[in-house]
Amino acid sequence: MYYEIAEKLLDFIKKSPTAFHAVREMETRLKDEGFCELKEEEHWKLEKGGKYFVTRNHSALIAFSIPRKEVSKFHIMASHSDSPAFKIKENPEMLFDNAYVKLNVEKYGGMLCAPWFDRPLSVAGRLAVREGEELVEKLVCIDRDLLVIPSLAIHMNREANEKASYNIQKELLPLYGEADAMGSFWELIAEAAGVKKEDILGHDLYLYNRTLGTVWGAKGEFLSSARLDDLQCAFSSMEGFLRAGRENFIAVHCVLDNEEVGSTTRQGAASTFLKDTLLRIHTGLGRSYEEYLMTLAGSFMISADNAHSVHPNYGDKADPVNHPVMNRGIVIKYNANQKYCTDAMSAARFKEICRKANVPYQTFVNRSDMPGGSTLGNIANTQVAVSAVDIGLAQLGMHSPYETAGVRDTWYLIQAAKEFFQ
Ligand code: CO
């Protein structure tokens, strides 16, 4: 079962080179499962026993189901759709020395730069396209090896292995073609999207890693892939959500965008997307604002975003006691300054979920002399005040374009999510 799920996860990630594609994959799955799509710009007529989903910016998605009986709780699991990557700038083609064409890119999020060098890359994302008098969105993915960011040879940088610091504008621009490729980039994109070049009026395009995910290790215990942070959690949340009965509360599978750049966008955790959706679920069922607030007070949220495994080569970077290991269960994250929203009650509640789901859990706290990253839970809490716990799956190489995680952990999180939504 672990391997079947691992393969399914890798397949989902392969089809999800950007947040837009991940949301589309989830939409397709939800429609197959009988979920009805709602639009934010239309009235919502909701029914007991109904299953729905809504997207914002086509890069964030919330799916929910309403039980037949009267219930007064939300059970929410939140993860994120985005990962650090290089974004294609406007007018990206740059001719160098009348010999090479490279593409102008900028950083999205805080990535590890070094692993982006010397590997096949390509381009995917969203286009805004004119169709008659309308503007429509088209997803595009160039499904072949298209670009490489070549390293500078050791002979020209003798300190390469002593010091690593990278200038994005100078050193991270991918090589696209020879001089005669100048002017062909938008032709290529237009052809892949099935549109005319002159009709492309806008784009959100990113580089993505072409190396496919793989299961490896002495006994096949690990897997590596692009975008495990946070598609491993988004995938597990969705699987658990779909496998559960969802009859005792309003179950909410929530995948937000822009976590990697601070969440303060209209589709991020700091936005009103979750709050608006929960409120509209209530009004759509004919309930009052006070009843909405009463429901929130009794609700619970799991914020699921990947966590750091202790690194076998850098044991000193972890807390001396609370350092998770891959394949040893779901990581509960703690932080005294509440960068993680976990507290005594929410941690206890999550441990009970794990116990009932029969899956192991472990704990993560940063070394006290090392500030960690942030995540969704406490940010979402400022809009939707519910008791919440921050959790994740242990991984190595976070924010590399090729990250590593445990084969068994995806299964554990699906089981816990299923128990939570049951
Ligand atoms: Co993350």
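Located above this text is the structure these notes cover.
Predicted, not measured: the structure shown is a model, and the values here were computed from it. (Residues numbered from 1 in each chain as written. Predicted model: local features only at pLDDT ≥ 70, side-chain atom pairs only at ≥ 80, totals over all residues. Heavy atoms only, no water.)

### Here we look at the pairing of strand S13 (residues 250–256)
Where we set the bar: Relative accessibility decides the category of a residue: with a 1.4 Å probe and only protein chains considered, values under 20% of the type maximum give buried, values over 50% give exposed, and everything between is partly exposed. Think of it this way: any DSSP run of H or I at least four residues long counts as a helix, any run of E at least two long counts as a strand, and we number them from the N terminus. Whether two strands pair depends on DSSP finding at least two bridges between them.
Of all 7 residues in S13, 7 are buried; the element is thus mostly enclosed. The alternating pattern of S13 places Ile250, Val252, Cys254 and Leu256 and Ala251, His253 and Val255 on opposite faces, both of which are buried. As paired strands, strand S3 (residues 60–65) and S13 are joined by 5 bridges and run antiparallel to one another. Bridging from a neighbouring strand, Ser65 pairs with Ala251 of S13. Here strand S4 (residues 74–80) runs beside S13; their pairing, made up of 7 bridges, is parallel. Bridge pairing links Ala78 to Cys254 in S13.

### Points about the packing of helix H8 (residues 344–357) against helix H10 (residues 407–421)
Going by this rule: Axis definition: a line fitted to C-alpha atoms, over the contacting stretch in the case of helices. Angles run 0 to 180 degrees between N-to-C directions. Orientation labels follow simple angle bins: below 35 degrees gives roughly parallel, above 145 gives roughly antiparallel, 65 to 115 gives roughly perpendicular, and whatever is left gives oblique. In what follows, a contact means two residues having at least one pair of non-hydrogen atoms within 4.5 Å. Following the grouping adopted for this structure description, the nonpolar residues are Ala, Val, Leu, Ile, Met, Phe, Trp, Tyr, Cys and Pro, the charged ones are Asp, Glu, Lys and Arg, and the polar ones are all others, Gly among them.
Where H8 meets H10, the closest approach of the two axes is 9 Å, and the angle between their N-to-C directions is 105°. As far as their axial angle goes, H10 and H8 are roughly perpendicular. In this structure, H8 contributes Ile353, Lys356 and Ala357 to the contact, and H10 contributes Gln415, Ala416, Glu419 and Phe420. Split into classes, the residues belonging to the contact of H8 with H10 amount to 4 nonpolar, 1 polar and 2 charged.

### A few points about the packing of aromatic side chains
Here is the rule we go by: Aromatic pairing here means that ring centres of Phe, Tyr or Trp (its six-membered ring) are within 6.5 Å. Orientation follows from the plane angle: under 30 degrees is stacked, over 60 is edge-to-face, and everything else is tilted. Each ring is checked for a lysine NZ or an arginine CZ that lies within 6 Å of its centre and within 35 degrees of its normal; such an atom marks a charge sitting over the ring.
Inspection of the entire model under this criterion finds 16 aromatic pairs. Ring centres of Phe35 and Phe241 lie 5.7 Å apart, and the angle between their planes is 45°; this geometry places the pair in the tilted category. Of the two residues, Phe35 is situated in the loop between helix H2 (19–32) and strand S1 (36–38) and Phe241 in helix H5 (residues 228–243); the sequence distance between them amounts to 206 residues. Measuring from centroid to centroid gives 5.7 Å for Tyr176 and Phe185, while their planes differ by 90°, and the two rings are edge-to-face. Assessed through its relative accessible area of 0%, Phe185 is described here as buried. Within the aromatic cluster, the residues linked to one another by ring pairs are Phe35, Phe241, Phe300, Phe420 and Phe421. Between the NZ or CZ atom of Arg246 and the centre of the ring of Phe241, over which it lies, the distance is 4.7 Å. Of note, Arg280 hangs over the ring of Trp44, and the distance from its end group to the ring centre comes to 4.1 Å.

### Quick word on the side chain of Asn104
Heads up, the condition is: Pairs of N or O atoms are called polar contacts if they sit within 3.5 Å, as long as, within protein, a hydrogen donor faces a hydrogen acceptor (for residues adjacent in sequence, only side-chain-to-side-chain pairs).
Summarising the element assignment, Asn104 is placed in strand S6 (residues 100–108). At 2.9 Å, the side chain of Asn104 and the side chain of Gln169 are in polar contact. In this view, Asn104 contacts Lys87, Ile88, Lys89, Pro92, Met94, Gln169 and Leu173; residues no more than four positions away in its chain are not counted.

### Observations concerning unusual backbone geometry
Backbone torsion omega between Asp229 and Asp230 reads 15°, so that peptide bond is classified as cis. Here Asp230 is to be found in helix H5. You will see that Ser263, though not glycine, has its phi angle at about 70°, which is positive. Here Ser263 shows up in the loop between S13 and helix H6 (273–284).

### Side note on the sheet that holds strand S17 (residues 361–365)
Pairing is mixed across the open sheet formed by 9 strands, whose spatial order is S1-S2-S3-S13-S4-S14-S18-S16-S17. At either margin of the open sheet sits one strand with a lone partner, and together these are S1 and S17. Ignoring which end each strand starts from, the neighbouring axes of this sheet average 25° apart. By the bridge criterion, 5 bridges tie strand S16 (residues 330–334) to S17 in an arrangement that is parallel. In the strand pairing of S17, Val331 is matched with Gln362. Across the face of the sheet, H5 comes into contact with S3, S4, S13, strand S14 (300–304) and strand S18 (387–392) while running at roughly 150° to S4.

### A short note on the pairing of strand S20 (residues 403–406)
Residues Glu403 and Ala405 line one face of S20 and the alternating positions Thr404 and Gly406 line the opposite face, and both faces are buried. In the sheet, strand S12 (residues 222–225) pairs with S20 via 4 bridges, with the strands oriented antiparallel. Among the inter-strand pairings, Leu223 is bridged to a residue of S20, identified as Ala405. Pairing analysis gives 2 bridges linking strand S19 (residues 394–396) to S20, with the strands arranged antiparallel. Within the sheet, the bridge partner assigned to Leu396 lies in S20 and is Thr404. Where S19 folds back on S20, the antiparallel hairpin that results is connected by 6 residues, among which Gly397 adopts a positive phi of roughly 65°.

### A closer look at the packing of H6 against helix H7 (residues 289–297)
Applicable threshold: With the far helix as reference, a near helix turned anticlockwise by less than a right angle produces a left-handed crossing, and one turned clockwise produces a right-handed crossing.
Between H6 and H7, the least distance of the axes is 9 Å, while the angle of their chain directions is 120°. Classified by the interaxial angle, the pair formed by H6 and H7 is oblique. By crossing handedness, the relation of H6 to H7 is classed as right-handed. Residues Lys275, Leu278, Leu279 and His282 of H6 lie in contact with H7, whose contacting residues are Tyr289, Glu291, Tyr292, Thr295 and Leu296. Its residues assigned to classes, the contact of H6 with H7 comprises 5 nonpolar, 2 polar and 2 charged.

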